[in-house]
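One-letter residues, chain by chain:
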There are 2 protein chains.
Amino acid sequence: MKLGRMNHIGVATPDLDASIAFYRDVMGATDVTEPFILESQQVRVCFVNTPGEEGTVGTQVELLEPTSQDSPVGKWLENKPYGGQHHICYEVPNIHKAKEEFEAMGKRVLGEPRIGAHGTPIFFVHPKDMNGILTEIMETPKEGH
Amino acid sequence: MKLGRMNHIGVATPDLDASIAFYRDVMGATDVTEPFILESQQVRVCFVNTPGEEGTVGTQVELLEPTSQDSPVGKWLENKPYGGQHHICYEVPNIHKAKEEFEAMGKRVLGEPRIGAHGTPIFFVHPKDMNGILTEIMETPKEGH
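Per chain, the residues get numbers from 1 upward, laid out in the order the sequence is written. All chains are assigned letters beginning with A, and all ligands numbers beginning with 1, in the order in which they are written. It should be noted that, the model being predicted, local features are given only for residues of pLDDT at least 70 and side-chain atom pairs only at 80 or more, the latter also being counted only at that level, while totals for whole chains, interfaces and linings use all residues. The side-chain quantities take in all heavy atoms of the structure and omit both hydrogens and water.

**Quick notes on the overall build of chain A**
Then, in step 1: A run of H or I in DSSP counts as a helix once it spans at least four residues, and a run of E counts as a strand once it spans at least two, with each numbered from the N terminus. Tallying secondary structure elements over chain A gives 3 helices and 8 strands in all.
Then, in step 2: Reading the secondary structure of chain A in the N-to-C direction produces β-α-β-β-β-α-β-α-β-β-β.
Then, in step 3: In this setup the radius of gyration rests on C-alpha atoms only. A globule is expected at 2.2 Å times the number of residues raised to 0.38. Here the C-alpha radius of gyration of chain A, 15 Å, is about what a compact globule of 145 residues would show, namely 15 Å.
Then, in step 4: Summarising its shape, the C-alpha atoms of chain A cover approximately 45 × 40 × 25 Å along the three principal directions.
Then, in step 5: Here's how the labels work: a residue is buried when its accessible area is under 20% of the maximum for its type, exposed when over 50%, partly exposed in between, all with a 1.4 Å probe on protein chains only. Considering chain A as a whole, with its 145 residues, one finds that 57% of them fall into the buried category.
Then, in step 6: In this description, contact between two residues means that some pair of their heavy atoms is separated by no more than 4.5 Å. Considering only contacts within chain A whose residues lie at least 6 apart along the sequence, 53% involve residues at least 24 apart.
Then, in step 7: For accessible areas, the Shrake-Rupley method is used with a probe of radius 1.4 Å. Any residue's cover is judged against the shown protein chains and nothing else. Taken as a whole, chain A presents about 6,500 Å² of accessible surface, with 49% of it coming from carbon and sulfur.
Then, in step 8: Within this scheme the basic residues Lys and Arg register as positive and the acidic residues Asp and Glu register as negative, but His and the chain ends are omitted. The location of each charge is read from NZ of Lys, CZ of Arg, CG of Asp or CD of Glu. Separation of charge centres in chain A, based on 13 positive and 21 negative side chains, amounts to 7 Å.

**Description of the pattern of salt bridges**
Then, in step 1: Salt-bridge detection follows one rule: a side-chain nitrogen of Lys or Arg within 4 Å of a carboxyl oxygen of Asp or Glu. In total, this model carries 18 salt bridges over all chains according to the counting rule given.
Then, in step 2: Across the salt bridge formed by R108 of chain B and D129 of chain B, the nearest N and O atoms sit 2.8 Å from each other. In this pair, R108 of chain B sits in the loop between α3 (95-104) and β6 (109-115) while D129 of chain B sits in the loop between β7 (121-125) and β8 (135-139), placing the two residues 21 residues apart along the sequence.
Then, in step 3: Linked through salt bridges whose partners overlap, the residues forming this network are R5 and E91 of chain A together with E53 of chain B.

**Observations regarding the domain arrangement of chain A**
Residue and element names in this part refer to chain A.
Then, in step 1: Domain delimitation follows an automatic or database domain assignment. By domain assignment, chain A separates into domain 1 (12-85) and domain 2 (87-145).
Then, in step 2: One C-alpha centre belongs to domain 1, the other to domain 2; they are set 19 Å apart.
Then, in step 3: Contacts between the two partners involve 10 residues from domain 1, matched on the other side by 8 residues from domain 2.
Then, in step 4: Surface buried jointly by domain 1 and domain 2 totals about 670 Å² across both partners, of which 57% is contributed by carbon and sulfur atoms.
Then, in step 5: Elements supplying a minimum of two residues to the side of domain 1 that touches domain 2: β2 (36-38), β3 (43-48) and β4 (60-66).
Then, in step 6: It is β4 that contributes the most residues to the side of domain 1 that touches domain 2, 3 residues altogether. The term buried area refers to how much accessible surface (probe radius 1.4 Å) is lost by two components on association, counted for both of them together.

**Describing the sheet that holds strand β1 (residues 6-12) of chain B**
Residue and element names in this part refer to chain B.
Then, in step 1: Note on pairing: two strands pair once DSSP finds at least 2 bridges between them. The 8 strands are arranged β2-β3-β4-β1-β5-β8-β7-β6 in an open sheet whose pairing can be described as mixed. Of all strands in the sheet, those bounded by a partner on one side alone are β2 (36-38) and β6. Sheet twist, expressed as the mean angle between neighbouring strand axes with direction ignored, is 30°.
Then, in step 2: The sheet contact formed by β1 and strand β5 (residues 84-92) spans 6 bridges and is antiparallel. Opposite V11, over in β5, you have Q85 as the bridge partner.
Then, in step 3: Angles here are taken between N-to-C directions and fall from 0 to 180 degrees, while the axes themselves are lines fitted to C-alpha atoms, restricted in helices to the stretch in contact. Packing of helix α1 (residues 16-25) onto the sheet brings it into contact with β1, β3 (43-48) and β4 (60-66), and relative to β4 it is tilted by some 155°.

**Quick look at the interface of chain A and chain B**
Then, in step 1: Across the boundary between the two partners, chain A contributes 49 residues, which contact 49 residues of chain B.
Then, in step 2: With both chains or domains summed, chain A and chain B bury close to 3,900 Å², and 65% of this area falls on carbon and sulfur atoms.
Then, in step 3: Run the count over chain A and chain B and you get 2 salt bridges.
Then, in step 4: Across the pair R5 of chain B and E53 of chain A runs a salt bridge whose closest N-O atoms are separated by 3.7 Å.
Then, in step 5: Here a polar contact is recorded for every N or O atom pair within 3.5 Å, except that within protein the pair must consist of a potential hydrogen donor and a potential acceptor, and residues adjacent in sequence are included only if both atoms are side-chain atoms. On inspection of chain A and its partner chain B, the count reaches 7 residue pairs in polar contact (both at pLDDT 80 or more).

**What about helix α2 (residues 72-79) of chain B?**
Residue and element names in this part refer to chain B.
Then, in step 1: Buried within α2 are the following residues: V73, G74 and L77. Each buried residue of α2 sits inside an arc of 105° when the element is viewed along its axis, so together they form one side. Of the exposed residues in α2, those oriented more than 90 degrees away from the buried face are P72, E78 and N79.
Then, in step 2: In this fold, the buried residues of α2 make contact with β1, β3, β4 and β5. Summarising the geometry, the arc corresponds to the directions from the helix axis toward the C-beta atoms.

**Let's talk about helix α1 (residues 16-25) of chain A**
Then, in step 1: Every buried residue belonging to α1 of chain A is among L16, S19, I20, F22 and Y23 of chain A, and all of these are buried. For α1 of chain A, the arc enclosing every buried residue in end-on projection is 155°, short of the 170-degree limit, so these residues lie on one face.
Then, in step 2: The elements touched by buried residues of α1 of chain A are β1 (6-12), β3 and β4 of chain A together with β5 of chain B.
Then, in step 3: Among the residues of α1 of chain A, the N-terminal cap falls to D15 of chain A, whose side-chain oxygen and the backbone nitrogen of D17 of chain A are separated by 3.2 Å.

**Considerations on the packing of aromatic side chains**
Residue and element names in this part refer to chain A.
Then, in step 1: Stacked, edge-to-face and tilted are the three classes for Phe, Tyr and Trp ring pairs, Trp counted by its six-membered ring, which pair at centre distances within 6.5 Å; planes under 30 degrees apart are stacked, over 60 edge-to-face, the rest tilted. Enumeration over the complete set of coordinates arrives at 4 aromatic pairs over all chains.
Then, in step 2: Ring geometry for F102 versus F123: centroids 6.1 Å apart, planes at 80°, classification edge-to-face. Here F102, found in helix α3 (residues 95-104), pairs with F123, found in strand β7 (residues 121-125); they are 21 residues apart in sequence, far enough to count as distant.
Then, in step 3: Look at F123 and you get buried, because its relative accessible area is 0%.

In structure tokens form, the structure reads like this:
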């Protein structure tokens, strides 16, 4: 495993539209993607694009609103009703190789790779095995971000 | 306010050396800065450098181990003994102007600007005013990162 780009940080919110307004009006974001529903994670989701160094793309903020109270993000919000930092996502060149490597290190990979919000395969690794952080691993999109 | 670069995400840990080993051995980090003590925040701190796009510097992981149980990070760990995501830090060109802007929006700035771990002035803004996230604002270093 070689540390990849920090693609995004996942932020859970009880109100996606209010969070978009916060990033636009308070933080001064000018590039927020159109929200859509990601059925596999039972969330309504969009991305706040942040600037990287020298005009490159920076780490995104992924805003996640649960579509059901019984979903993983819905349950997470029960303990943090204001919302907050939910996970961190790093890119890897090959999702299946990454899964093998994490499992060989005894890390609990949560389910099989599935298509994530960027349209490439992803999986999550248990926070207790990952220095306290729910960690998403995603395959780098082939045609950039 | 214009959204700046996501300089780092702050991660609290009960054991800095174990966290460094985690980022090196599990995540494959190859560039971790030497730990030092930041008295003003009562933490022992270091940075995991992550790759950005096109060879640029990416968002760092700032690892924070409290030097005292009574410190803010020490108290934070009482509820999260494994550690986890503590704050997010964005860059601004001018710290005093940023403070005025946040205060004009009714956001609770926590104390006066002070020198942070990158050697430039920083302040924190209350998570309940910031979409659930303890937010650090730091002045961009003049000579790069």
